[in-house]
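Tertiary structure, described
Here's the letter readout for the chains.
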Amino acid sequence: MFQVVLYRPEIPPNTGNIIRLCANTGADLHLIHPLGFSMDDTRLRRAGLDYHEYASVSEHSDFEAYLEAARPGRLLAMSGSGRKRHTEVAYRNGDGLLFGPESVGLSERILGHEGVAETVRIPMLPDRRSLNLSNAVAIVLFEAWRQLAFGGGV
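Keep in mind that what you see is a predicted model, and the values were worked out from it rather than measured.

What counts and what doesn't
Residues numbered from 1 in each chain as written. Predicted model: local features only at pLDDT ≥ 70, side-chain atom pairs only at ≥ 80, totals over all residues. Heavy atoms only, no water. Helix = DSSP H or I, 4+ residues; strand = E, 2+ residues; numbered from the N terminus. Buried < 20%, exposed > 50% of the residue type's maximum accessible area, 1.4 Å probe, protein only. Contact = heavy atoms within 4.5 Å. Phe/Tyr/Trp six-rings, centres within 6.5 Å; stacked < 30°, edge-to-face > 60°. Salt bridge = Lys/Arg side-chain N within 4 Å of Asp/Glu carboxyl O. 1 Å grid on protein atoms, 1.4 Å probe; cavity = no way out; pocket = protein on both sides within 12 Å on 5 of 7 lines; lining within 4 Å. Points joined across faces, edges and corners; volume = space filled by probe spheres on them.

All right, on to the environment of M39 then. Assignment of secondary structure puts M39 in the loop between β2 (28-32) and α2 (42-48). The partly exposed category is assigned to M39, whose relative accessible area is 21%. Counting along the chain gives 66 residues from M39 to G105, while the straight-line C-alpha distance between them is 21 Å. Every residue in contact with M39, bar those within four places of it in the chain, is listed here: L31, L44, R45, V57 and E59.

So, in structure tokens, the structure goes:
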């Protein structure tokens, strides 16, 4: 299945929603520190409802630690500067889907890192800054899962 990778997430309810999303799609969730909240934050727990037990969540001290531990088949970074739309990618089982912090997105250092295979964007109207993180993850993850015929889903 897929790896959803949140680089320095800042807003607990977004991460809680993504935990629930991963639990319902079979994706593994990887959180790269520092986090903008504690994992026992009430807002995180409330947003994730009772899905925490069904989600595979791993934490990593930094980006390099994630790459070493998780070894994604291919890492696709999500950014408004991406050349390809998220629907133009042929997703593969084991792909990592990398998303940046809510306030600033992924840095040029991360986007240019040798571990990143490609930068992908979600189409939006011009002059708009960004989508909500949990919405963006859902859009990309469901397109990727759809391409794999919703394997394991009913």
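Having seen the structure, we can now continue with the description.
In the structure shown here, the tally under the stated rule is 5 aromatic pairs. When the centroid spacing of 5.2 Å and the interplanar angle of 80° are considered together, the rings of W145 and F150 count as edge-to-face. Assessed through its relative accessible area of 9%, W145 is described here as buried. Ring pairs connect the aromatic residues Y7, F63 and Y66, which therefore count as one cluster.

Let's shift gears to the pattern of salt bridges. Counted under the stated rule, the structure contains 4 salt bridges. With its nearest N and O atoms 3.6 Å apart, the salt bridge here joins E64 to R109. With E64 in helix α3 (residues 63-70) and R109 in helix α4 (residues 108-111), this pair connects stretches of sequence that are 45 residues apart. Residue class for R109 comes out partly exposed when judged on its relative accessible area of 49%.

Its boundaries defined by the atoms lining it, the largest pocket holds a volume of some 580 Å³. Lining the largest pocket are 23 residues, with S79, G80, R129, S130 and L131 sitting closest to its centre.

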